[in-house]
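# Commentary on secondary and tertiary structure
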Amino acid sequence: MKTGWIALACLLLLLPVSAQESLGTKDYVKLLSVSPVSLGSGKSGTVSLSFRIVPGFHINSNKPKAEYLIPTTLKLSPPTDISLAKITYPAGQEETFPFAPDEKMSVYAGDFVLTAKVLAIGSVHPGTYRVHGELRYQACDKSACYPPRSLPLNIDIRVQRAAHRRGYR
Amino acid sequence: MVLVAVLLFAASRVAQYRTARAQERGEAIPNAMNGKQAPDFALETLDGSKLKLADLRGKVIVLNFWATWCTPCKVEMPWLIDLQKQYGSRGVQIVGIAEDDSGKEKIAAFAREMQVNYPILLDEGDVADKYGNIENLPTTFYISRNGMIVESASGIAGKPDIDAAIQKALGAGVGEVKTAGAVSKERQ
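Definitions and cut-offs
- Residues numbered from 1 in each chain as written.
- Chains lettered and ligands numbered in written order.
- Predicted model: local features only at pLDDT ≥ 70, side-chain atom pairs only at ≥ 80, totals over all residues.
- Heavy atoms only, no water.
- Helix = DSSP H or I, 4+ residues; strand = E, 2+ residues; numbered from the N terminus.
- Areas by Shrake-Rupley, 256 points an atom, 1.4 Å probe, with all protein chains shown as cover.
- Disulfide = S-S within 2.5 Å.
- Buried < 20%, exposed > 50% of the residue type's maximum accessible area, 1.4 Å probe, protein only.
- Pairing = 2+ DSSP bridges.
- Axes fitted to C-alpha atoms, helices over the stretch in contact; angles between N-to-C directions.
- Contact = heavy atoms within 4.5 Å.
- Expected span 1.5 Å × (residues − 1).
- Bend = angle between axes of the 7 residues up to and from the residue.
- Phe/Tyr/Trp six-rings, centres within 6.5 Å; stacked < 30°, edge-to-face > 60°.
- Core = buried A, V, L, I, M, F, W, Y, C linked by side-chain atoms within 4.5 Å.
- Polar contact = N/O pair within 3.5 Å; in protein donor to acceptor, adjacent residues only side chain to side chain.

### Considering the overall build of chain A
Helices and strands together make up the secondary structure of chain A, namely 1 helix and 12 strands. Taken from N to C terminus, the helices and strands of chain A fall in the order α-β-β-β-β-β-β-β-β-β-β-β-β. Counting every atom, chain A has about 8,800 Å² of accessible surface; 54% of that belongs to carbon and sulfur.

Shown next, in the form of structure tokens:
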């Protein structure tokens, strides 16, 4: 009998809590992948970061349509020998939501990809350089909004010897 | 003992699962604060003064947690303004609690632009925690004249729903004042 109860309890523990697990304390955006990037000294390359927004939620694009909205931004802090040239954000999807049916909003939903152009300075030694960063976003669902969050992330950039340079520019 | 602990934990997981499923279906989640005494607090208003919830005892209070970056909150605001005009003379006081780290000036400018006619208080999360760790905005509590939370709404509610909740809080206040002589005496 006791074993049966324990088994039942264990089964219940295995129940999925779904995508909205522990609402209010979870991330609404997950980092799916970071494309590998290797550069030669003095060369630049592009790194792609793929994100997935939890189904049922959306986040503002990088260029929301109202000043009061918080844009999605990627902040990267490269080490001294790597410089950041440009971050490119996709255009937002123009959508209306039940809470504001007359207002088109510029949002990301589902999966989206950001790209960052990075440059290895001429004197950099070969090796792997870690760039720390964070994606700042503010999520809503169809009836409520949630406080801004930051998703920490890392990008590893491999710098090769000049003789082993690949086709990255 | 271990079995009890495991069962309690399992029960909490089941409740969490059901809540998450209901939210996915867009259903309203009964707020655990309903039926409880509204926690008291004192917060700074936009004009720099302090407002204590207990000072409003005797009024029906609509406590609306919001933020400047929250579009559903912005959509609700004109309705709240209208309802403050409509019910103010009947002892209803709407109170906005800004859960916003954008700064007092920005919040004040937003409230001015929206022509808000009720006090806006500045919270740094402490009051939101007292009211059940609120994170989804807007969240609104309807408090009867004797300080009881009689209704709440998580996420945007339609104007008719807000109106109905106010009337419910007004009704609850009247009933409780009639039966709770000691409470109404205290107020006089």
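Now that the structure has been shown, we can carry on.
### Some remarks on the state of the cysteines
Counted by the stated rule, this structure contains 2 disulfides over all chains. Covalent S-S linkage joins C140 of chain A and C145 of chain A, the inter-sulfur distance amounting to 2.1 Å. Here the disulfide of C140 of chain A and C145 of chain A is right-handed, its torsion about the S-S bond being about 100°. Across the pair, exposure class does not vary: C140 of chain A and C145 of chain A are buried alike. A sulfur-sulfur separation of 2.1 Å characterises the disulfide bridge that pairs C70 of chain B with C73 of chain B. Its torsion about the S-S bond being 80°, the disulfide of C70 of chain B and C73 of chain B is classed as right-handed. By the burial criterion, C70 of chain B is buried, and C73 of chain B matches it.

### Concerning the pairing of strand β12 (residues 149-160) of chain A
Residue and element names in this part refer to chain A. Two elements, strand β2 (residues 37-40) and β12, share 4 bridges in a ladder whose sense is parallel. Note that in β12 the partner of L39 across the bridge is V159. Summarising the sheet, strand β10 (residues 127-137) and β12 pair through 11 bridges and their orientation is antiparallel. Among the inter-strand pairings, E134 is bridged to a residue of β12, identified as P152.

### A word on the sheet that holds β12 of chain A
All names here are of chain A. With respect to topology, 4 strands assemble into an open sheet ordered β2-β12-β10-β5, the strand pairing being mixed. Bordering the open sheet on either side are β2 and β5 (73-77), each of which pairs with just one other strand. Averaged over all adjacent pairs, the angle separating strand axes in this sheet is 30°, with direction ignored.

### Points about the pairing of β10 of chain A
The pairing of β5 of chain A with β10 of chain A spans 5 bridges and is classified as antiparallel. In the sheet register, K75 of chain A faces β10 of chain A, and the bridge partner there is E134 of chain A.

### Comments concerning the sheet that holds strand β2 (residues 50-52) of chain B
Residues and elements named next belong to chain B. Read from one edge of the open sheet, 7 strands run β2-β1-β5-β4-β3-β6-β7, paired in mixed fashion. With partners counted over all chains shown, the strands left at the sheet margins are β2 and β7 (149-154), one partner each. Each neighbouring strand pair of the sheet contributes to a mean axis angle of 30°, computed without reference to strand direction. Against the sheet, helix α2 (residues 71-87) touches β3 (60-66), β4 (92-99) and β6 (139-143), its axis set at about 155° to β4.

### Observations regarding α2 of chain B
Residue and element names in this part refer to chain B. The end-to-end C-alpha separation of α2 is 25 Å, in line with the 24 Å expected for 17 residues at 1.5 Å each. Along α2, the helix axis deviates most sharply at M77, where the bend reaches about 30°; the proline P78 sits within four residues downstream. Among the residues making up α2, those that are buried are T71, P72, C73, E76, M77, L80, I81, L83, Q84 and Y87.

### Some thoughts on the packing of aromatic side chains
Per the stated rule, a full pass over the model turns up 12 aromatic pairs over all chains. Measuring from ring centre to ring centre gives 5.6 Å for F57 of chain A and Y146 of chain A, while their planes differ by 65°; the resulting arrangement is edge-to-face. Of this pair, F57 of chain A sits in the loop between β3 (44-53) and β4 (58-60) while Y146 of chain A sits in the loop between β11 (139-140) and β12, placing them 89 residues apart in sequence. The class of Y146 of chain A is buried, set by a relative accessible area of 2%. Their ring planes at 75° and their centres at 6.2 Å tell us that F41 of chain B and Y131 of chain B sit as a pair that is edge-to-face. In this pair, F41 of chain B is assigned in the loop between α1 (2-24) and β1 (42-45) and Y131 of chain B in the loop between α4 (126-130) and β6, connecting sequence segments 90 residues apart.

### Description of the nonpolar core
F41, L63, F65, I97, Y131 and I166 of chain B are the most contacted members of the largest nonpolar core, which has 65 residues in total. With residues up to four places along the chain from it excluded, the contact list for F65 of chain B reads I97, E99, V127, A128, Y131, I134, L137, P138, T139 and F141 of chain B.

### Re the environment of A116 of chain A
All names here are of chain A. Residue position: A116 is located in strand β9 (residues 111-120). In the structure, A116 is positioned 32 residues away from L84 in sequence and 7.3 Å away in space, judged by C-alpha atoms. In contact with A116, not counting residues within four places along its chain, are G45, T46, V47, L76, L84, K86 and I87.

### Concerning the side chain of Q93 of chain B
Residue and element names in this part refer to chain B. Of note, Q93 is situated in strand β4. Note on Q93: relative accessible area 16%, which makes it buried. Among the polar contacts made by the side chain of Q93, one reaches the side chain of Q84 at a distance of 3.4 Å. The contact partners of Q93, leaving out residues within four places of it in the chain, are L56, K59, V60, I61, V62, Q84, Y118 and P119.

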